[in-house]
Protein chains: 2
Amino acid sequence: MKLTISNLLVTLAVVSGISAGCNNNKSSGNRGALASSAAEKVYVAPGEHDEFYAFFSGGYSGNLTVYGLPSGRMFKEIPVFSQFPTNGYGYSEETKAMLNTSHGFIPWDDLHHPDISQTNGKLDGRWIFVNGNNTPRIARIDLSTFETEEIIEIPNSAGNHSSSFITENTEYVVAGTRFSVPVPQQDISISEYKGNFKGALSFISVAPETGKMDLKFQIMMPGFDYDLSHPGRGKSHGWFFFTTYNTEEANTLLEVNASQNDKDFIAAINWKKIEAYVNEGGGTKMPASYAHNEYDDSTHSATTTVKKEVLTIDPTEVPGAVFFLPTPKSPHGCDVDPTGQYIIGNGKLSADLTIHSFDKMIAAIEAEKFDGEAYGIPILNFEDVLAGQVKSGGLGPLHTEFDGKGNAYTTFFISSELVKWNVETREVIDRQPNYYSVGHVMIPGGNSAAPFGKYAVAMNKITKDRYLPTGPELEHSAQLFDISGDKMQLLLDFPTHGEPHYAAGIPAEILAPRSKKIYKLEDNKHEFAILSSEDSRVERQGNEVHVYMSMIRSHFTPDNIEGIKVGDKVYFHITNHEQDFDVPHGFAVIGANNAELLIMPGQTRTLVWEPKQVGVWPFYCTDFCSALHQEMQGYIRVSPKDSDIRLQWSLGE
Amino acid sequence: MKLTISNLLVTLAVVSGISAGCNNNKSSGNRGALASSAAEKVYVAPGEHDEFYAFFSGGYSGNLTVYGLPSGRMFKEIPVFSQFPTNGYGYSEETKAMLNTSHGFIPWDDLHHPDISQTNGKLDGRWIFVNGNNTPRIARIDLSTFETEEIIEIPNSAGNHSSSFITENTEYVVAGTRFSVPVPQQDISISEYKGNFKGALSFISVAPETGKMDLKFQIMMPGFDYDLSHPGRGKSHGWFFFTTYNTEEANTLLEVNASQNDKDFIAAINWKKIEAYVNEGGGTKMPASYAHNEYDDSTHSATTTVKKEVLTIDPTEVPGAVFFLPTPKSPHGCDVDPTGQYIIGNGKLSADLTIHSFDKMIAAIEAEKFDGEAYGIPILNFEDVLAGQVKSGGLGPLHTEFDGKGNAYTTFFISSELVKWNVETREVIDRQPNYYSVGHVMIPGGNSAAPFGKYAVAMNKITKDRYLPTGPELEHSAQLFDISGDKMQLLLDFPTHGEPHYAAGIPAEILAPRSKKIYKLEDNKHEFAILSSEDSRVERQGNEVHVYMSMIRSHFTPDNIEGIKVGDKVYFHITNHEQDFDVPHGFAVIGANNAELLIMPGQTRTLVWEPKQVGVWPFYCTDFCSALHQEMQGYIRVSPKDSDIRLQWSLGE
């Protein structure tokens, strides 16, 4: 094993984080007054509700998980980019289209950063946006149904990591490439990376009423890695800030070769200026191919549109729109305080935090005080834009959030701690160890103009001994802190499902009243829905058989079907006729090369079954729905390919 | 909507359960001394560990989830019958074979009943067995790795629900069909069900040292529905008990037609007698086709063997081996107390519980006192085998577990409550409401000769308002009770992932010390593993390209690959060279029509990628592994199909 910076840092992390962990274990082992107080603070008694929703990214699960705070209980996994056998997402005919891309159907992605829609810089709780890293996409989830409603692919991108963050009126959701690639793609040697690859920063407009997304323009930046981003707000509304690393433009062994420059950049983008340029006809349309998948609540179905063109912007052609702020040590997180004045660069190989001043940046731009340029983009002087530095005493800062009371909370991966500091004085106020190796921190509304500074959640990358062991593979771990006082108080460790890469929190009182309970049957416009069991039937079209079926406690209509043949493709179109809250039914048929259907009240779902063997095969309801749930079953007879058994169906005959 | 028994019962359940819920909400709203005590009882302080593992079935998620008690925190989801994009289970080349069946590859099933291996009637914590209902299968999970090691398909079955329960020395794991089917399958009318369909009860032997499963024999029972089962223990070791319903043999509208008989049966099977019969050459071999999937920890790979024969037993040919015990009202759960003396029939349409006496059953059998027969199987007199009834005051009993202190705990779905009663006196001691509509109850070891009677977990079928709302689809809910005193105390509501159909609990001190932390690299026998990065290479065989890759913090070897062409099928065989606990790496490549790989230390996994477009495409590590995780990336160049670019690979050159 080579001795690399990475090895060294790993060693440091293990030593600092885990030894701290052991100390804490001992102290928390004293179940005295402090533990009792923490117990009561996180306890949500049976029948009571949590104060906050927290939406945790599932990271490499590809999905979004919904937790309550302060209890740390997981209420739901919302399938977004990954197939979800539990309810048939990505398997049923209605939902498969959600996972279409220009590369074909993709059953997975790596979901990193949720961001809740805002109005005037405040969380409005209408939608939550998330990014797929691997095959670049942005998804929008409706926060009345808690279902994924839209996914748009991002062309010319790769490792869509500096995403998906929104502007203060949800004008745009922003997606930035992490890996630069040839644009357009071409067959060139990897060694020609430097100067030839591009980093696309994409601005996706969001329709104010419906939330519908449209890829408005892409800024074609130099071939750096774009790591994270945040919008300006308040006085800096109209700007967006992106961290870069690998400004060395290395194409191999990046752990060494991308850590050579003392400073990389934060890219400051005046998107309002670019928007004006675009609205005046600026930019270059280029051919592209990317999928736009939309789910319609009335048809209960998703459709894919393949888009064929994208508007690209050369930043050097829009003077005054794009600048680079030198920022030390491969900055990772790029965070903007609630006032919009400070832009924080979390230099991940550093002990210090770099705080840029928006006012100073504007002054330097207006004075045209530049320190050269990179690929035609002006570089500002580090000292001209610097508000100051936080001498943290920690190592490896990654991310910062805010409490709305003038304080910032920064995570340090290597020294494994959460550090609270004053945004104006930049003095450290408190520090608490994390177990182990913290990544993001989340304060509800912490990424808005109006944070709710009661709790902070640290999301840790290493779990080790924090819970009962479960073999080599462990869940990641979150830690909940009470931040209502001067000092942070650790309340609770709770495991997360998938990688809790980042999270977004919001007071329950904003979301809960808007939560939908059922789909109205009368509004069901699904092509194959039946609104009355009297319309149930089975129709043959060649070797395709369409079963129009209904379900209600506790039977299917029909529940006996004959006349199906080997070689048929059977479409079960099933409508749940319940109109009560929390009465889904499921549907499964033996031998299906498919997942189940889990069908909500008023909803229609379709499962394809291709029977391969002659016989009489059962189907049944998979969700325990009533005292006679076990009786909710039926049979389907499959005859030989050349059989002349006529199609027939019945219930109770 | 027809007025059916089901509708009526639903109404009752809603009225009783939910109005009780509202009352409780109010009282639990008083955060007084009781709530404080509950808070402290369930609080596991950061760094401390839970006292029990609880393995919850995911129901229609197809997977098994691991929780801690008393905290209610979920530590892991173990993929079993369903594809799991999070770690590539069912997507990677090594794991796809686990989901093979005689119907082909199946990405999902409905997992209901976990049971932990036993020695002398006590939990030994070596393995946990679970059933797949829809396409009948039994899986074995190793409790040192917490990974699925083996799945065996069950032929001649359908709706494999009365499964997977084990005998007291894990001699057998038992699987019973819920839906009867033609055996062998044939093209007959569904209306010919009665008298022609069969219900197979399968006994799968478990090798004492390795746990390997083999389908030893199937008993071909009459065409009833076989709902649940439990082994005899202690004095009744050697017997197995199965509930039946639909002894009416209805084939349509079962919610009405299968509720006609006042009594159905519990089938008592003397499996030792049948085993002896089999060992003497008894039974009939019949052709069958079923998959046996085995995962090998040393090759890190699964293989499928298709078995072609099964030994069937006609119960009428083994006198003294099979009897029917009349049991009222469509019994659901079939539970045996820790002494093995009492067999409890939970008549789901009844207010009362039926307690059969093993001693009385044996006496009646020996006296040959029968009340007729069904398809040649002797029926015992109800009164002759009855130990007594529990006049519960509840409605709709489903399942019973035991605390090892002489008490039983029965769930009532319709009246939505948990009722504690004395096994010997059959007097009700306590009752607590459940929110809402409880299914199973679990006491750690509650299904063994030696329960750990400290906690009971009620698993509820309806959630409604118990947590913050998440749209129409909700997680199910569990409720934790302290049962250490005379009266049960409700401590905690916690949501479960998937349907918490049933669960099995075990003290942490039995499992935790045996939990594996890493796979030893030196023991890795994977065909495509490389144990040193110096062996990394790329080889072409026609249009198949095999990449032998290694990963360690924080780089891949190689990280630049050229010479791949459109139309190639690229196999990334990746070995994780870490040998520290909790340092997995992930692997993803843009545009793959596949999930990611999540690779544990010492493990090898393979992802197939079929590039469709010319270009330079990135791959990266998906699990935040070090301070330079973001630098853990590489590029692969894809040239046109007819390109003559030579295959080359490198790191740091």
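Each chain carries its own residue numbering, running from 1 in the written order of its sequence. Here every chain gets a letter starting at A, and every ligand a number starting at 1, in the order they are written. A pLDDT threshold of at least 70 governs which residues receive local features in this predicted model, and a stricter bar of 80 or more applies before side-chain atom pairs are shown or counted, although totals over entire chains, interfaces and linings include all residues. Think of the side-chain values as coming from all heavy atoms in the structure, minus any hydrogens and water.

(A) Structural context of the overall build of chain A. The helix count covers DSSP runs of H or I at least four residues long, the strand count covers runs of E at least two residues long, and both are numbered beginning at the N terminus. Each helix and strand in chain A was counted, giving seven helices and 45 strands. The dimensions of chain A, computed from C-alpha atoms along their principal axes, are 85 × 65 × 50 Å. Buried residues are those whose accessible area, probed at 1.4 Å on protein chains only, stays under 20% of the maximum for their type, while exposed residues exceed 50% and partly exposed ones sit between those limits. Counting only residues that meet the buried cut, chain A has 72% of its 653 residues in that class. Areas reported as accessible are Shrake-Rupley estimates using a 1.4 Å probe. Residue values count occlusion only from the protein chains shown. Put simply, chain A shows about 18300 Å² of open surface, and 50% of that area lies on carbon and sulfur atoms. Here chain A contributes 53 positive and 81 negative side-chain charges, whose respective centroids are spaced 2 Å apart. Under the counting rule used here, the positive set is Lys and Arg, the negative set is Asp and Glu, and His together with the chain ends is not counted. Charge positions are represented by NZ for Lys, CZ for Arg, CG for Asp and CD for Glu.

(B) Structural view of the packing of aromatic side chains. Centres within 6.5 Å make a pair out of two Phe, Tyr or Trp rings, where for Trp the six-membered ring is used; the pair is then stacked when the planes are under 30 degrees apart, edge-to-face when over 60, and tilted otherwise. Per the stated rule, a full pass over the model turns up 74 aromatic pairs over all chains. Relative to Phe370 of chain B, the ring of Phe323 of chain B lies with its centre 5.9 Å away and its plane at 25°, an arrangement referred to as stacked. Placement of the pair is Phe323 of chain B in strand β19 (residues 322–328) and Phe370 of chain B in strand β23 (residues 370–374), with a sequence separation of 47 residues. The exposure class assigned to Phe323 of chain B is buried, which follows from its relative accessible area of 2%. Note on Phe370 of chain B: relative accessible area 33%, which makes it partly exposed. Here the aromatic residues Tyr172, Phe203, Phe217, Phe240, Phe242 and Trp271 of chain A are joined through ring pairs into a cluster of three or more. For a ring to carry a charge above it, either NZ of a lysine or CZ of an arginine must fall within 6 Å of the ring centroid while also lying within 35 degrees of the normal to the ring plane. Above the face of the Tyr436 of chain A ring, Arg466 of chain A is positioned so that its terminal group lies 5.9 Å from the ring centre. Taking NZ or CZ as reference, Lys517 of chain B lies 5.3 Å from the ring centre of Phe581 of chain B, over its face.

(C) Spatial organisation of the interface of chain B and chain A. Any two residues whose heavy atoms approach within 4.5 Å at even a single point are treated as in contact. Contact residues are listed per partner, giving 171 residues for chain B and 171 residues for chain A. The quantity reported as buried area is the accessible area (1.4 Å probe) lost by two parts once they are put together, taken as the sum for both. Here chain B meets chain A over a buried area of about 14600 Å², counting both sides, of which 58% is carbon and sulfur. Counted as salt bridges are all cases of a side-chain nitrogen of Lys or Arg within 4 Å of a carboxyl oxygen of Asp or Glu. Inspection of the chain B/chain A interface yields four salt bridges. With its nearest N and O atoms 2.7 Å apart, the salt bridge here joins Arg637 of chain B to Asp187 of chain A.

(D) Highlighting the relation of the copies chain B and chain A. Least squares is the method for superposing the copies, and the C-alpha atoms it fits come from residues with pLDDT of at least 70 in both. Aligned on chain A, chain B shows an RMSD of 0.0 Å; the corresponding rotation is 180° and the shift along the axis is 0.0 Å. Here the symmetry operator amounts to a two-fold rotation axis. Nearest to the rotation axis, the C-alpha of Ala39 of chain B is located 2.8 Å from it, this being the minimum over chain B. Taken together, the interface assignments show that 100% of the residues at the interface of chain B recur at the interface of chain A, consistent with an identical surface on both copies.

(E) How the structure looks around the pattern of salt bridges. Going through the model one piece at a time under the given rule, you end up with 54 salt bridges over all chains. One salt bridge connects Arg431 of chain A with Glu417 of chain A, and the closest N-O pair in it is separated by 2.9 Å. Here Arg431 of chain A, found in strand β29 (residues 428–433), pairs with Glu417 of chain A, found in strand β28 (residues 417–422); they are 14 residues apart in sequence, far enough to count as distant. Residue Glu149 of chain B is joined to Arg140 of chain B by a salt bridge in which the shortest nitrogen-to-oxygen separation is 3.2 Å. The pair Glu149 of chain B / Arg140 of chain B is uniform in exposure class, with both members buried. In the salt-bridge network here, residues are joined through shared partners; they are Arg140, Glu149 and Glu150 of chain A.

(F) How the structure looks around the sheet that holds strand β27 (residues 407–412) of chain B. Residues and elements named next belong to chain B. Judged by pairing direction, the sheet is antiparallel, and its four strands sit side by side in the order β26-β27-β28-β29 without closing on themselves. The strands lining the two open edges of the sheet, one partner per strand, are β26 (397–402) and β29 (428–433). Between one strand axis and the next, the sheet turns by 20° as a mean value, whatever way the strands run. Any two strands between which DSSP finds at least two bridges are classified as paired. In this structure, strand β28 (residues 417–422) lies alongside β29, joined through five bridges in antiparallel fashion. Across the sheet, residue Val419 finds its bridge partner in β29, namely Arg431. In this description, a line fitted to the C-alpha atoms serves as the axis of each element, helices being fitted only across the stretch in contact, and the angle between N-to-C directions of two axes falls anywhere from 0 to 180 degrees.

(G) Structural view of the nonpolar core. Among the buried residues, those of types Ala, Val, Leu, Ile, Met, Phe, Trp, Tyr and Cys that are joined through side-chain atoms within 4.5 Å form a nonpolar core. Membership of the largest hydrophobic core comes to 127 residues, with the highest contact counts inside it found for Phe572, Phe587 and Trp609 of chain A together with Phe572, Phe587 and Trp609 of chain B. Non-local contacts of Phe572 of chain B, meaning those with residues more than four positions away in its chain, are made with Val547, Met549, Phe587, Val589, Leu597, Arg605, Thr606, Leu607, Trp609 and Ile636 of chain B.

(H) Summary view of the packing of helix α2 (residues 33–42) of chain A against helix α2 (residues 33–42) of chain B. Viewed as axis vectors pointing N to C, α2 of chain A and α2 of chain B meet at an angle of 105°, and their least axial separation amounts to 8 Å. Taken as axis vectors, α2 of chain A and α2 of chain B run roughly perpendicular relative to one another. Contacts from Ser36, Ala39 and Glu40 of chain A of α2 of chain A reach α2 of chain B at Ser36, Ala39 and Glu40 of chain B. Along the lines of polarity and charge, the residues of the contact of α2 of chain A with α2 of chain B split into two nonpolar, two polar and two charged. Convention used here: angles under 35 degrees read as roughly parallel, angles over 145 as roughly antiparallel, angles from 65 to 115 as roughly perpendicular, and any remaining angle as oblique. Gly is put with the polar residues, along with every residue not named as nonpolar or charged; the nonpolar set is Ala, Val, Leu, Ile, Met, Phe, Trp, Tyr, Cys and Pro, and the charged set is Asp, Glu, Lys and Arg.

(I) Main features of α2 of chain B. All names here are of chain B. Listing the buried residues of α2 in full gives Ala35, Ser36, Ala38, Ala39 and Val42. Projected down its long axis, α2 shows its buried positions confined to an angular sector of 160°, all on one face. Residues of α2 that are exposed and point more than 90 degrees away from the buried face comprise Ala33 and Leu34. The directions from the helix axis to the C-beta atoms are what the arc is built from.

(J) Region of the structure containing the environment of Lys308 of chain B. Residue and element names in this part refer to chain B. Locating Lys308 in the fold gives a position in strand β18 (residues 301–313). Taking relative accessible area as the criterion, Lys308 reaches 56% and is therefore assigned exposed. In this structure, the C-alpha to C-alpha distance between Lys308 and Tyr290, residues 18 residues apart in sequence, is 6.8 Å. Contact partners of Lys308, with chain neighbours within four places excluded, come to Met286, Pro287, Ala288 and Ser289.

(K) Up close: the confidence of the model for chain A. Note: pLDDT gives the predictor's confidence per residue, expressed from 0 to 100. When pLDDT is averaged across chain A, the result is 94; 95% of the residues are at 70 or more. Here the predicted complex carries an ipTM of 0.95, next to a pTM of 0.96.

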